[in-house]
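Observations on the three-dimensional arrangement
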Amino acid sequence: MTLNKLFVTIFIAIFVGTFFFCCTNKQVSVTETSVEEKAEDDFLVLQSDTETDNTTVIEEKESEVVAEVPVEEVLEPAPTKKIPVTPIIRKKEDMPVESPSEPVVIEKKEEPKKVEEPKKIEEPPVPAPAKEENKDMAEYKRSVAENTTIDFDTFAEDKKQIMKIIEELIVIMKDGDDIKWRNYVEKSSLQYWSDVSHLAAYSKKLPQKTVRMKTLKDYFKWVFVPSRKGQTIDEIRYISNENIKAVQVRDDKDIVYYYFRKENGKWKIFLPTM
């Protein structure tokens, strides 16, 4: 019982006592004196009883209060009413963005490479053998004289050897190596131009009038190299089966730069005489 209930109980008791007291006084006034005295005695008894009862009630109430105080301390807390909690929904832009401590690497799965089919390599068209044969045949007919018995295969092989010798001579002339040059010259030509009288006579025909040739080296330096340096050989011409001219074709005209003579089965340079 709480303190408020105790106060209400006391108040009701006082009110009931007062009301009862007032009613008793009214009855005493209309009765006889003897009755009044008797009533007075009764009232006193009643009053004492009432006071006793009130005192008892108050004491009981106080004892209840004293006894109930510690009970309140150990009472279990009243059950709390569950209040529904509305979840707070934050917008995406309001939500805090946590920066990762380390960069997150997302590995991409490599798709399997498609195996492409090898492309077909288109080979350049091979010229018709007939046309090549016609071109070589035309040169063959220009190169072979009427008094020769050279067939086409022999012509092709001879031209190949002659062109190789000329390429080697270009290097020799560039180096000015007359000793190596002599290995490409046939013997009769070497003997002829080793003669001092022949060299002296030819010196008069040179553009440099002050030059006087005395050795085969002078001939190589002042005659052979200047007359052939920087020239290109296109074709060969047969003089006979054993003699060939290496020429450069200009405006359908042949300019002769080398003479070759076969010696012991090999083509050698022939140096024209005066």
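Owing to the predicted nature of the structure, the values given are computational and were not obtained by experimental measurement.

Next up on the list: the pairing of strand β2 (residues 243-250). Pairing of strand β1 (residues 235-240) with β2 involves five bridges; the strand directions are antiparallel. Each bridged residue has a counterpart across the sheet, and for Tyr-238 the counterpart in β2 is Ile-244. Between the antiparallel neighbours β1 and β2 lie two residues. Both β2 and strand β3 (residues 253-263) contribute to a ladder of eight bridges, which runs antiparallel. Its bridge partner being in β3, Arg-250 is matched across the sheet by Lys-253.

Residues with a pLDDT of 70 or more make up 58% of the protein chain, whose mean pLDDT is 75. The low-confidence segment residues 28-39 (pLDDT under 50) makes three contacts with residues lying over four places distant or belonging to another chain.

The first and last C-alpha atoms of helix α4 (residues 152-175) sit 36 Å apart over 24 residues, in line with the 34 Å expected at 1.5 Å per residue. Of the residues making up α4, those classed as buried are Phe-155, Asp-158, Lys-159, Ile-162, Ile-165, Ile-166, Leu-169, Ile-172 and Met-173. Phi for Gly-176, located one or two positions after α4, is positive at around 70°.

Another point: the pattern of salt bridges. With the rule as written, the count across this model stands at five salt bridges. Measuring nitrogen to oxygen at the nearest pair gives 3.4 Å for the salt bridge that ties Asp-178 to Arg-182. Given a relative accessible area of 8%, Asp-178 falls into the buried group. Of the residues examined, Arg-182 reaches a relative accessible area of 31% and is grouped as partly exposed. One salt bridge connects Asp-254 with Arg-237, and the closest N-O pair in it is separated by 2.9 Å. Taken together, the residues span a long stretch of sequence, with Asp-254 in strand β3 and Arg-237 in strand β1 at a distance of 17 residues. When its relative accessible area of 38% is taken as the criterion, Asp-254 is described as partly exposed.

Evaluated as defined, the whole model comprises eleven aromatic pairs. Plain terms: the ring middles of Phe-220 and Phe-224 are 6.2 Å apart, the flat faces sit at 20° to each other, and that makes the pair stacked. In this pair, Phe-220 and Phe-224 are both assigned in helix α8 (residues 216-228), four residues apart and thus about one turn of the helix distant. Residues Phe-220 and Phe-224 agree in their burial class; the two are buried. Aromatic rings pair up to connect Trp-181, Phe-220, Phe-224, Tyr-258 and Phe-260 into one cluster. Above the face of the Tyr-258 ring, Arg-228 is positioned so that its terminal group lies 5.5 Å from the ring centre.

Criteria and thresholds
Residues numbered from 1 in each chain as written. Predicted model: local features only at pLDDT ≥ 70, side-chain atom pairs only at ≥ 80, totals over all residues. Heavy atoms only, no water. Pairing = 2+ DSSP bridges. Helix = DSSP H or I, 4+ residues; strand = E, 2+ residues; numbered from the N terminus. pLDDT = per-residue confidence, 0-100. Contact = heavy atoms within 4.5 Å. Expected span 1.5 Å × (residues − 1). Buried < 20%, exposed > 50% of the residue type's maximum accessible area, 1.4 Å probe, protein only. Salt bridge = Lys/Arg side-chain N within 4 Å of Asp/Glu carboxyl O. Phe/Tyr/Trp six-rings, centres within 6.5 Å; stacked < 30°, edge-to-face > 60°. Lys NZ or Arg CZ within 6 Å of the ring centre and 35° of its normal.

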